[in-house]
Amino acid sequence: MPDIKILIAEDDPSSAHLLASLVERWGGTPVVVNSGAEAWDTLTQHPDIRIALIDWMMPGLKGPELCERIRRCITDRYIYLLLVTSRSDEADVVAGMEAGADDYVCKPLNANLLRVRLDAGLRIVKLNEEYVLEQERLRRQEQIVSETLAAKEHLIASMPGFFVSIDMRDRITAWNPAAEHFFGVPAARTLGQSLFKLGITWDWTVLCAAIAEAVDKRCPVEISELQFTTRSAQERIAELRLAPLLTPDRLVKGVVIIGEDITDNKVLSRQLANAQRMESLGQIASGVAHEVTVPMQYIEDNTQFVRSAFADCADLINAYRKVIRELENRGEFSETVDAARVLEKECDLEYLMTEVPLAIEQMKTSVERVTGVVRALREFAHPGSRERSDIDVNQALTNALTVTRNEWKKVADLVTEFSSSLRHISGFAAELNLVFLSLIMNAVHAVAAQVGKSQSFRGMIRITTREFEEGVEIRISDNGPGIPSTVRHKIFDEFSAIRAPGSGVDSGLKVVHDVVAQLHGGDIKVHSEAGRGTEFIIRLPFVANRTRARNYTEPGLNIQ
């Protein structure tokens with residue numbers, strides 16, 4: 001028997017001495033007490049005592065009572081309880097065992113039998129300790145597994161993109177919150193369901209081919225772009241990565257699909273490309289404008305010179321004609337006067353005196369128009385600093401109308417009502433130029449479609465500006481066919497193919513919306529009615545103080 005403390009609770013000194021000597025002989029360490037109460041105190045104060053020899057009959061707290069208390073109150077360790085009794089009746093034995101004793105020995109003591117009982121108790125104690133350690137190990141492993149699963153679930157839940165896993169029967173086994181938002185379907189309605197029966201609108205042929213490739217090759221597969229339609233009928237673009245779930249022996253038990261909505265990234269990339277292209281075109285246009293400006297300045301100066309010179313020549317010619325009339329009246333130099341009259345008739349002097357000043361005025365007007373177009377083109381294409389600056393909205397609209405004049409003059413009459421007291425706003429000139437150009441061309445496309453349907457139709461584009469309490473309001477309206485109600489709510493979507501015949505609506509309005517609402521903190525509203533036309537109302541604050549976009553689609557348009 002290894003060195004182990006054994007409690008001996010015995011009120012008879014000779015019996016206690018005998019038990020202690022036997023325990024010492026067998027290699028144990030006896031701890032002797034002579035009452036049940038003292039035995040209880042010793043057990044509570046010495047947790048290393050794991051075996052107890054307890055006399056049945058002791059003063060105060062008897063053996064069975066002590067056993068019952070130990071079993072009820074000491075739960076942090078197991079103590080092997082061996083009753084020592086002179087009672088051998090079956091009823092007494094049952095009572096002692098039911099009180100919590102593990103075994104018993106009868107008096108007078110049989111040393112060999114006692115030794116066997118103690119060895120059995122020692123084995124039970126060791127087995128219990130091993131069991132407790134194993135339970136603790138399993139508890140720690142379970143905690144580690146639980147923490148790992150929780151970390152995994154937290155990681156999956158916190159992923160910015162959607163996470164979906166399916167088994168080999170296409171049944172969904174994981175569906176994170178991003179997937180709920182992405183597809184508009186809660187996880188509770190997906191787990192255990194077939195992925196192919198959720199009503200997701202995207203190219204299933206491409207996805208199934210990618211799943212088959214991931215399973216067949218046991219390697220990840222990427223889908224760089226996959227178009228899909230949300231439950232709100234928005235066209236979006238997703239990027240997907242598929243990976244097989246493998247068992248330790250590399251059998252495929254499912255597939256993980258990880259994806260994210262890259263629509264906004266695609267928008268930014270396209271806008272960046274457009275911005276770079278516009279910048280290049282702007283530099284070219286600025287260079288062309290400069291090259292045109294110099295010769296036009298010469299033409300303008302020479303036209304002014306010719307105008308002034310012809311006025312002087314006209315005065316001189318009139319003086320000469322007066323002299324000729326005087327000579328004709330006097331009858332002097334008749335041959336010379338007749339020759340002058342013939343030359344005057346041949347060159348049609350009256351016509352020249354009338355038409356040349358008109359031609360010079362037309363030249364001057366044309367030069368002024370070309371100069372104005374070049375100036376507008378230069379300001380429109382190269383507005384200057386990329387920082388916020390003061391913007392004259394009236395002038396910006398005028399420039400946009402000037403550079404698009406060749407488009408709208410063919411199909412529409414233009415009416416402008418610009419407030420003369422309009423204050424400047426703080427903003428980005430290049431971006432606002434793009435907004436005004438897009439909306440004007442949108443109106444042109446709308447009325448052009450209507451003109452194509454009826455040769456007697458003449459389009460009208462009306463542009464007005466006014467101030468309100470916080471900023472400037474711009475209204476751009478047309479009398480085109482209007483925006484169909486089926487697409488009116490989607491006109492600011494980036495990837496919605498919503499150009500209906502004659503609607504004049506294209507995806508450039510997404511950029512318009514972002515520039516107005518996000519970049520300048522303004523609002524953009526759309527009034528449209530089928531067959532009546534469309535009106536865009538833009539409100540720009542003097543100083544941007546909002547970044548949340550607000551857009552409206554409202555009926556009830558009345559275009560005069």
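One structure accompanies this document, and this report is about it. Small disclaimer: the values here were computed from a predicted structure and weren't measured.

### Re the overall build of the chain
The helix and strand inventory of the chain stands at 15 helices and 19 strands. The buried share among the 560 residues of the chain stands at 40%. When the accessible surface of the chain is summed, it comes to about 31000 Å², and 53% of that surface belongs to carbon and sulfur atoms.

### Some remarks on the packing of helix α2 (residues 36-45) against helix α3 (residues 63-73)
Between two packed helices, what matters for the description is the angle formed by their axes and the separation of those axes. The N-to-C vectors of α2 and α3 enclose an angle of 25 degrees; their axes lie 10 Å apart at closest approach. One way to sum up the angle between α2 and α3 is to call them roughly parallel. The chirality of how α2 crosses α3 is right-handed. Contact residues: α2 offers G36, A39, W40 and L43, while α3 offers L66, R69, I70 and C73. Classifying every residue of the contact of α2 with α3 by side-chain character gives six nonpolar, one polar and one charged.

### With respect to helix α1 (residues 13-25)
A rise of 1.5 Å per residue sets the reference length of α1, with its 13 residues, at 18 Å; its end C-alpha atoms lie 18 Å apart and thus fit the reference within 8%. Buried residues of α1: S15, A16, L19, A20, L22 and V23, and no others. Burial along α1 is one-sided: seen end-on, the buried residues are contained in an arc of 160 degrees. Projecting away from the buried face of α1 at angles above 90 degrees are the exposed residues P13, H17, E24 and R25. Against the buried residues of α1 lie β1 (5-9), β2 (29-33), β3 (51-55) and α5 (111-158).

### Considering unusual backbone geometry
K107 connects to P108 through a cis peptide bond whose omega is -5 degrees. When you line up the elements, P108 lands in the loop between β5 (103-106) and α5. Although it is not a glycine, D170 sits at a positive phi angle of roughly 70 degrees. Following the sequence through the fold, D170 ends up in the loop between β6 (162-167) and β7 (172-175).

### Some details on the sheet that holds strand β11 (residues 252-261)
Strand order in this open sheet of six strands is β7-β6-β11-β10-β9-β8, and the pairing throughout is antiparallel. In the strand order of this sheet, the two ends are held by β7 and β8 (201-202), each with one partner. Both β6 and β11 contribute to a ladder of six bridges, which runs antiparallel. By the bridge assignment, S165 is partnered in β11 with V256. In this fold helix α7 (residues 204-217) packs onto β6, β8, β9 (221-229), β10 (235-246) and β11, with an angle of close to 160 degrees to the strand it touches most, β9.

What counts, and at which threshold
Residues numbered from 1 in each chain as written. Predicted model: local features only at pLDDT ≥ 70, side-chain atom pairs only at ≥ 80, totals over all residues. Heavy atoms only, no water. Helix = DSSP H or I, 4+ residues; strand = E, 2+ residues; numbered from the N terminus. Buried < 20%, exposed > 50% of the residue type's maximum accessible area, 1.4 Å probe, protein only. Areas by Shrake-Rupley, 256 points an atom, 1.4 Å probe, with all protein chains shown as cover. Axes fitted to C-alpha atoms, helices over the stretch in contact; angles between N-to-C directions. Parallel < 35°, antiparallel > 145°, perpendicular 65-115°, else oblique. Left-handed = near helix turned anticlockwise from the far one by under 90°. Contact = heavy atoms within 4.5 Å. Nonpolar A, V, L, I, M, F, W, Y, C, P; charged D, E, K, R; others polar. Expected span 1.5 Å × (residues − 1). Arc of directions from axis to C-beta. Pairing = 2+ DSSP bridges.

Limitation: the analysis is restricted to geometry and does not speak to function.
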